[in-house]
Every structure is written in structure tokens, then in C-alpha cells.
Amino acid sequence: PLPGTPPPETPTPETAVPKQRPPFLTLATYNILDGRNSRLVPVCRTLEAQHISIAILTETRIPDADGARIHTRNCLGYDIFATYTTTNNQGGIALAFKQDATNFHIESPRRHGPNVLSCYIQSGDQRTPYIGVYLSPSHLHDLPFLTNALYRFPNETPIVMGDLNVDSTNMAPDRTQQVSSVL
């Protein structure tokens, strides 16, 4: 080689092959504290910055006010499928996902109550049941909705994500026993 030029086997920026990320999807649970108004937009920015494919967003607090159900449904390539709460100060969840036709897609999203939703994640020939849940720390009123979501997938093992508000390392409390008996 000529002085000052790289040897032929060293790729230059013009000839280097860019590294491609192998296909995979990343799952997350994110307590956003409030998804009303336009607060889902910065959440989607965060999901995009962290390369999150699918997230369960807890504490969205999107009300079912006279059937209005107003919230951000699409942002930065993410689709948002939300449940609707009956109170303004607690609960509600959403499924935020970025459809990736080369890797996966979401099928049949369903609401099971104000704090439980389910869907299928289809990736190639693999179809995986997925459940998002938020159980309030003050009561277990949503436990029957979780049970119904689990019944949606007989003979299958769903991925369950969200906030159960239990201590899985201490099975002594009655609440932990009730939740674990459903799961």
C-alpha cells in the first residue's frame, strides 16, 4: 500500500458493511403514572429510545367518561391499545407495540376489564399468548378479570406482565397466595 493509505483488507467507511441487528423483540413493563392528555407521547419516545417492541403501560388512568375514551392511539410508529378506568386516580393499562412485519405482529387484542388485557404475539410460526395486568395494592377486584384472560388461552402458557403488587419471595400474605393461586 501507499504511505498513508490503509491496507486493502481493512474496510474503509465507504466499503464497510453496516452491522445489522438480528431480529428479536423486547418486552417491557412501564409504570407511567398517568397517560391522559398527551402524556403517552413522551412514553413512546422513551420506548423508541430503548428499542422496546412491546410494552405494558400501567397506571394509565384513561377514563371511560361517557364513552369518550380519548387518548393517543398512534405515536412514533407505536400503536396503543388501552383499557379504560372507572376512577380518575388509579389503574388502567395499555399495550404499546411497534408492528414489525419482518419480525412479529400483534393479533386479537382484547380488554378483560379496566386493568387487564390480552393478545397474541405472532412471530413466524410461533403464536404466543400475552396478558397485561395491573392489580391495585388496595384490593383484588380485578383478579376475576385476570382469571378470564387466562381462560382465554386454554392449554397454553401466556406471558403475564404488569404489576401484580405482590411479594413473590414471601408467600405468607393472603394476597400473595390468592394471586399465585390464579397464576
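All values derive from a computational prediction rather than experimental measurement. (Residues numbered from 1 in each chain as written. Predicted model: local features only at pLDDT ≥ 70, side-chain atom pairs only at ≥ 80, totals over all residues. Heavy atoms only, no water.)

Draft legend 1. How the structure looks around the overall build of the protein chain. Secondary structure summary: the protein chain contains 3 helices and 9 strands in total. Counting every position in the protein chain, which comprises 183 residues, the buried fraction comes to 39%. Sequence separation of 24 or more characterises 60% of the internal contacts of the protein chain that already satisfy a separation of 6 or more. When the accessible surface of the protein chain is summed, it comes to about 10,500 Å², and 53% of that surface belongs to carbon and sulfur atoms. (Helix = DSSP H or I, 4+ residues; strand = E, 2+ residues; numbered from the N terminus. Buried < 20%, exposed > 50% of the residue type's maximum accessible area, 1.4 Å probe, protein only. Contact = heavy atoms within 4.5 Å. Areas by Shrake-Rupley, 256 points an atom, 1.4 Å probe, with all protein chains shown as cover.)

Draft legend 2. Up close: the confidence of the model for the protein chain. In this model, the protein chain carries an average pLDDT of 84, and 83% of its residues clear a pLDDT of 70 or more. The lowest-confidence element of the protein chain is strand β3 (residues 74–75), averaging 86 in pLDDT; the highest-confidence one is helix α2 (residues 143–151), averaging 96. (pLDDT = per-residue confidence, 0-100.)

Draft legend 3. Quick look at the sheet that holds strand β4 (residues 78–82). Strand order in the open sheet made by the 5 strands is β1-β2-β5-β4-β3, with mixed pairing throughout. Both outer strands of the open sheet, β1 (27–31) and β3, are each paired with one neighbouring strand and no more. Alignment of strand β2 (residues 54–58) against strand β5 (residues 93–98), held across 5 bridges, turns out to be antiparallel. The residue bridging A55 from the neighbouring strand is A96, located in β5. Along the sheet face, helix α1 (residues 40–49) touches β1, β2, β3, β4 and β5 and points at about 125 degrees away from the line of β4. (Pairing = 2+ DSSP bridges. Axes fitted to C-alpha atoms, helices over the stretch in contact; angles between N-to-C directions.)

Draft legend 4. Structural context of the pattern of salt bridges. Inspection of every chain in the model, using the stated rule, returns 3 salt bridges. For K98, the salt bridge identified is with E48, shortest N-O distance 3.2 Å. Of this pair, K98 sits in strand β5 while E48 sits in helix α1, placing them 50 residues apart in sequence. Residue K98 is classed as partly exposed on the basis of its relative accessible area, which comes to 26%. (Salt bridge = Lys/Arg side-chain N within 4 Å of Asp/Glu carboxyl O.)

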